[in-house]
Amino acid sequence: LDAMEAVEVEVKACRKCELWRGRKNAVPGEGNLDATVMFIGEAPGYREDVKGQPFVGAAGKLLDEMLSRVGFSRDEVYITNVVKCRPPENRDPLPSEIETCTPYLDRQIRIIEPKFIVTLGKHAASYILPKAGFETGSITEIHGRVYEANLLGFKVFIIPMYHPAAALYNAKYKDELNRDFQLLRLEFERRR
Ligand code: URA
Ligand code: SF4
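Residues numbered from 1 in each chain as written. Chains lettered and ligands numbered in written order. Predicted model: local features only at pLDDT ≥ 70, side-chain atom pairs only at ≥ 80, totals over all residues. Heavy atoms only, no water.

Asker: Before we go on, may I ask you to explain the site of ligand 1 in this structure?
Answerer: Around ligand 1, a shell composed of Gly41, Glu42, Ala43, Glu48, Pro54, Phe55, Asn81 and His163 is seen. Here Glu42 contributes a backbone N or O atom positioned 2.8 Å from an oxygen atom of ligand 1. Burial of ligand 1 by the protein amounts to 91% of the accessible area it has alone, namely 240 Å². By residue class, the composition of the shell around ligand 1 is 3 nonpolar, 3 polar and 2 charged. (Near = heavy atom within 4 Å. Polar contact = N/O pair within 3.5 Å; in protein donor to acceptor, adjacent residues only side chain to side chain. Areas by Shrake-Rupley, 256 points an atom, 1.4 Å probe, with all protein chains shown as cover. Nonpolar A, V, L, I, M, F, W, Y, C, P; charged D, E, K, R; others polar.)

Written out as structure tokens, the structure reads:
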């Protein structure tokens, strides 16, 4: 069992917070273990819970579209969430659930050691940025900035973005998200 497989096995059997009760499947995350870019969303939604995979519903379709527009394929990146089980009615994850679940995310970050971390939505940003020593503001203010950070002992560029689910219903957010993906691509080319 490699280190990521160990995380997956533990997540699938995990009952450390109450979210296990409502799940069909835990969603550990998936993608390339050598990924340069790691995406962190909020929590599984309905489709993700059914399939056990991250971002496979409507927001996932938009994410795929944004990735391919700037020349990334889904299997060259790694995609996961702050919490690994679906909150009832897709409510926000509770602070206690985030605290209980994020040791898994931290292990995944250490395993991947990405050069870029893209946080999708406010929950991922407000978990990751303070961990790297930054204050988090509203997503409207912080999205599209590049935070050069030291996280868990290695150097990483953190780029907060809007959540694709928000962009589904708001054309302005969708434009911003497209712009931020272009920025990600530029930074990726510039720093390779
Ligand atoms: N929204 C998220 O934050 N994560 C998913 O995996 C799907 C939708
Ligand atoms: Fe465990 Fe995280 Fe699922 Fe809670 S959300 S049961 S901590 S894997």
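Asker: Mind showing me how you'd approach the layout of surface pockets here?
Answerer: Left-over empty space is what a probe sized like a water molecule reveals as it rolls over the atoms. Empty space within the largest pocket amounts to approximately 380 Å³. At the level of secondary structure, the elements contributing two or more residues to the lining of the largest pocket comprise α2 (46-51), α3 (58-69) and α7 (164-168). When grouped by side-chain class, the residues that make up the lining of the largest pocket number 10 nonpolar, 6 polar and 5 charged. Put simply, the second largest pocket is a space of about 200 Å³. (1 Å grid on protein atoms, 1.4 Å probe; cavity = no way out; pocket = protein on both sides within 12 Å on 5 of 7 lines; lining within 4 Å. Points joined across faces, edges and corners; volume = space filled by probe spheres on them. Helix = DSSP H or I, 4+ residues; strand = E, 2+ residues; numbered from the N terminus.)

Asker: What's the story with the sheet that holds strand β5 (residues 147-151) in this structure? I'm lost.
Answerer: Sheets are built from strands that pair by backbone hydrogen bonding, the pairs being arranged parallel or antiparallel. Here 6 strands make up an open sheet; going across it, the order is β1-β3-β2-β4-β6-β5 and the pairing mixed. At either end of the open sheet lies a strand with only one pairing partner, and these are β1 (30-31) and β5. Bridging between strand β2 (residues 37-41) and strand β3 (residues 78-81) involves 4 bridges; their strand directions are parallel. Within the sheet, the bridge partner assigned to Ile40 lies in β3 and is Thr80. Packing of helix α5 (residues 122-131) onto the sheet brings it into contact with β2, β4 (116-120), β5 and β6 (154-161), and relative to β4 it is tilted by some 140°. Running at roughly 160° to β6, helix α8 (residues 171-190) makes contact with β2, β4 and β6 of the sheet. (Pairing = 2+ DSSP bridges. Contact = heavy atoms within 4.5 Å. Axes fitted to C-alpha atoms, helices over the stretch in contact; angles between N-to-C directions.)

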